[in-house]
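Below, each chain spelled out in residue letters.
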Amino acid sequence: MNTQGRPAADSPIARLVEAFHRLPGIGPKSAQRLAYHVLRAPQQEAQELADALLEVKRSVVLCARCQDLTTESPCRICGDASRERTVICVVEEPLDVRAIERTGGFRGLYHVLHGVISPADGVGPEDLKIQELLARLRDVDTGVTEVIVATNPNLEGEATSMYLGRLLRPLGITVTRLARGLPAGADLEYADDVTLGRALEFRQEVR
Amino acid sequence: MARAVRAADGGAERGPDDAPAGTIGPMPARIPRVTKTEAIVLRHRRLGDADRIVTLLTPGRGKIDVVAKGALRARSRMAGHLEPLTRTEVVLAHGRSMDIVTQAHTLDAFVTLRADLDRLSSAMYLVEVADRLTFEDVDAGVAYGLLHVALTRLSRGDGLQLTTRVFELALLDASGFRPEWGQCVACGDAVPADRAAWSATAGGVVCERCRGGAGGAAPIDARVLRVLRAYQSLPYEEAARIRLDAELAARLEQVMHEVMHHVVERELKSARFVAAARRAGASAATIADAAGERG
């Protein structure tokens, strides 16, 4: 400790604080709290955290087919013979695969782009796993007839879906987009024009 | 209660009793707690698990970052009104470091832009240009008006090149970076279009005599120069009558991208996306043609 009561910059505590501070959404105070929590925790708990961090970096790879995070390639979904193989759902992030799987309503395969076209953030089509998707679709053995683009319903998601549509339609593949409209529990009064317009456009018969 | 106030010019503190009898003395400048303004949403980024920092271009306060609390939640009442490329009316509560959006209402969502990849990518480019050429707490009434008009023109189907180039030239002019297409930037003489060279570094065209002194000056297609002069000087409706073939449009775009790159001192990332969208269209057309021939 120096005279102001702070750990020296090269001390183990300062290095741990700095490591936590590099994580997204963690400010300097939160980083300190986390570091001191680890310091006070039993040796076993700290060891488990360290092991988990190293293990995830060592064992998690990208599935060679769908680009999802997995411990074995091909991943569990790509290797499942009971999945429908003619439909691929394209998502932005691995967490989106988990979200769609939770619904239990989709039995096809996935493709993870690992991002979305966002010029404002310097992300272009070449930074995403689009070439891998094209290679997969051009492989005649896959027999894919439909690609569902499940990017988020925002500007970047729209740009990505239109870009994919432009690329994939000439391959003779049907390109669809998740339906857009009002979320459950929304108020019409507060809906924006785009959302409300699309909710009207994609209205359904009441059954 | 007599309370000392600091003069607006930063002068010494004085009490209200110092004002001459019968007049109202200088009032302290107060920042209103809630303000209302219209704005165009330039971009946003995530803040924690549920909030967003939204960058707005406003006429009066220039470019500002504001916090939209809960905008990442599916049931957010504001998220749709704060999407990039939306002209919106916002109510802002004065915050310590950033203002907080308390209400947002869409004035124009430019819906047709979002259904056409070429228009959408061009609109993203316009927004990035406006983002780079505007600043916080600097009046941006002209820039705001130009962006609003350009997005309106794009969404109603005006030419992509026309709308984009006219916007770039007008915004450069308003920002103090007007390129000089008529007279030599070195000697001031009028430069004939068919004997001109140009340099982004020099800020415009140079005549044959001065070309040696303008490092990096390169020849410029006379047709490109005539179009640039027309776009810079003619009313929009007259400029819209100029017909551009694909080659001329590409050269025009190349020159203006060089100008913008020089002015903003960095690559405009959306320009790459405009090109990628166009390439995707061209390759799709090629595949479709090949399939047609096979069929």
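A.B. asks: What is the right way to look at the overall build of chain A in this model?
C.D. replies: When helices and strands are tallied, chain A shows 7 helices and 6 strands. Reading chain A from its N end, one meets helices and strands in the order α-α-α-β-β-β-α-β-α-β-α-β-α. Taken over the C-alpha trace, chain A has a radius of gyration of 23 Å; the compact-globule value for 207 residues is 17 Å, which it surpasses by more than 25%. Oriented by its inertia axes, the alpha-carbon framework of chain A measures out at about 70 × 50 × 35 Å. Looking at the 207 residues of chain A, the share that counts as buried comes to 36%. A sequence separation of at least 24 residues applies to 48% of the contacts in chain A between residues at least 6 apart. Carbon and sulfur atoms make up 54% of the accessible area of chain A, which amounts to about 12700 Å² in all.

A.B. asks: Would you mind showing me how to read the interface of chain B and chain A here?
C.D. replies: By convention, interface size is frequently given as the accessible area that disappears when the constituent parts associate. The partner chain A presents 27 residues to the 34 residues of chain B that form the contact. Buried surface at the junction of chain B and chain A, both sides included, amounts to about 2700 Å², of which 66% is carbon and sulfur. Viewed at the interface, chain A and chain B are joined by 3 salt bridges. One salt bridge connects Arg77(B) with Asp187(A), and the closest N-O pair in it is separated by 2.7 Å. The interface formed by chain B and chain A holds 6 residue pairs in polar contact (both at pLDDT 80 or more) in total. Mapped onto the side of chain B that touches chain A, the elements with two or more residues apiece are β3 (34–47), α1 (117–132) and α7 (269–294) of chain B. Here the side of chain B that touches chain A gets 13 residues from one element, more than from any other, and that element is α7(B). Per-class residue counts for the side of chain B that touches chain A are 16 nonpolar, 7 polar and 11 charged.

A.B. asks: Would you mind going over the environment of Glu267(B) with me for this structure?
C.D. replies: Residues and elements named next belong to chain B. Tracing the sequence through the fold places Glu-267 in the loop between α6 (246–264) and α7. For Glu-267, a relative accessible area of 39% puts it in the partly exposed group. Between the alpha carbons of Glu-267 and Glu-237 there is a distance of 31 Å; along the sequence they are 30 residues apart. Those residues in contact with Glu-267 that lie beyond four places of it in its chain are Glu-128, His-261 and Arg-272. Separated by 3.3 Å, the side chains of Glu-267 and Arg-272 make a polar contact.

A.B. asks: Where do I start with the nonpolar core in this structure?
C.D. replies: A general tendency of soluble globular proteins is for nonpolar side chains to be buried together. Counting residues in hydrophobic clusters, the biggest one holds 101 residues, and the most contacted among them are Tyr163(A), Leu147(B), Leu151(B), Trp181(B), Ile220(B) and Leu228(B). Contacts of Ile220(B), omitting those with residues within four sequence positions, involve Trp181(B), Ala193(B), Ala196(B), Ala197(B), Trp198(B), Leu225(B), Leu228(B) and Val255(B).

A.B. asks: It is not clear to me how the pairing of strand β7 (residues 99–108) of chain B should be interpreted in this structure. Could you clarify?
C.D. replies: Note on strand geometry: in a regular strand, side chains alternate between the two faces of the sheet. Residue and element names in this part refer to chain B. Bridge count between strand β5 (residues 62–68) and β7: 2 bridges; the pairing is parallel. Counterpart to Val-66 in the pairing with β7 is Asp-99. Where strand β6 (residues 87–93) and β7 come together, 7 bridges link them in antiparallel fashion. Note on β7: the bridge partner recorded for Val-91 is Gln-103. Counted between consecutive antiparallel strands, the loop separating β6 from β7 contains 5 residues.

A.B. asks: Sorry if this is basic, but what is going on with the packing of aromatic side chains here?
C.D. replies: We describe a pair of aromatic rings using the distance from one ring centre to the other and the angle between the two ring planes. All chains considered together, the criterion is met by 3 aromatic pairs over all chains. Considering the side-chain rings of Phe106(A) and Tyr110(A), the 5.2 Å spacing of their centres and the 65° angle between planes classify their relative orientation as edge-to-face. The residues Phe106(A) and Tyr110(A) share a single accessibility class, namely buried. When the ring of Trp181(B) is compared with that of Trp198(B), the centres are 6.1 Å apart and the planes differ by 50°; the resulting orientation is tilted. Taken together, the residues span a long stretch of sequence, with Trp181(B) in the loop between α3 (160–174) and β8 (197–199) and Trp198(B) in strand β8 at a distance of 17 residues. Judged on exposure class, the residue Trp181(B) and its partner Trp198(B) are both buried. Note that Arg153(B) overlies the ring of Tyr236(B), its terminal NZ or CZ placed 3.3 Å from the centroid.

A.B. asks: What should I look at first to understand the sheet that holds β8(B) in this one?
C.D. replies: Two modes of strand pairing occur in sheets, parallel and antiparallel, and in both the strands are linked by backbone hydrogen bonds. All names here are of chain B. Taken together, the 3 strands give an open sheet; going across it, the order is β9-β8-β10, and neighbouring strands pair in antiparallel fashion. Only two strands of the sheet have a single partner each, and these edge strands are β9 (204–206) and β10 (218–219). Of the pairings in the sheet, the one linking β8 to β9 comprises 3 bridges and is antiparallel in character. When the sheet's bridge partners are listed, Ser-199 is paired in β9 with Gly-204.

The rules behind each value
Residues numbered from 1 in each chain as written. Chains lettered and ligands numbered in written order. Predicted model: local features only at pLDDT ≥ 70, side-chain atom pairs only at ≥ 80, totals over all residues. Heavy atoms only, no water. Helix = DSSP H or I, 4+ residues; strand = E, 2+ residues; numbered from the N terminus. Rg over C-alpha atoms; globule rule 2.2 N^0.38 Å. Buried < 20%, exposed > 50% of the residue type's maximum accessible area, 1.4 Å probe, protein only. Contact = heavy atoms within 4.5 Å. Areas by Shrake-Rupley, 256 points an atom, 1.4 Å probe, with all protein chains shown as cover. Buried area = accessible area lost by both parts, 1.4 Å probe. Salt bridge = Lys/Arg side-chain N within 4 Å of Asp/Glu carboxyl O. Polar contact = N/O pair within 3.5 Å; in protein donor to acceptor, adjacent residues only side chain to side chain. Nonpolar A, V, L, I, M, F, W, Y, C, P; charged D, E, K, R; others polar. Core = buried A, V, L, I, M, F, W, Y, C linked by side-chain atoms within 4.5 Å. Pairing = 2+ DSSP bridges. Phe/Tyr/Trp six-rings, centres within 6.5 Å; stacked < 30°, edge-to-face > 60°. Lys NZ or Arg CZ within 6 Å of the ring centre and 35° of its normal.

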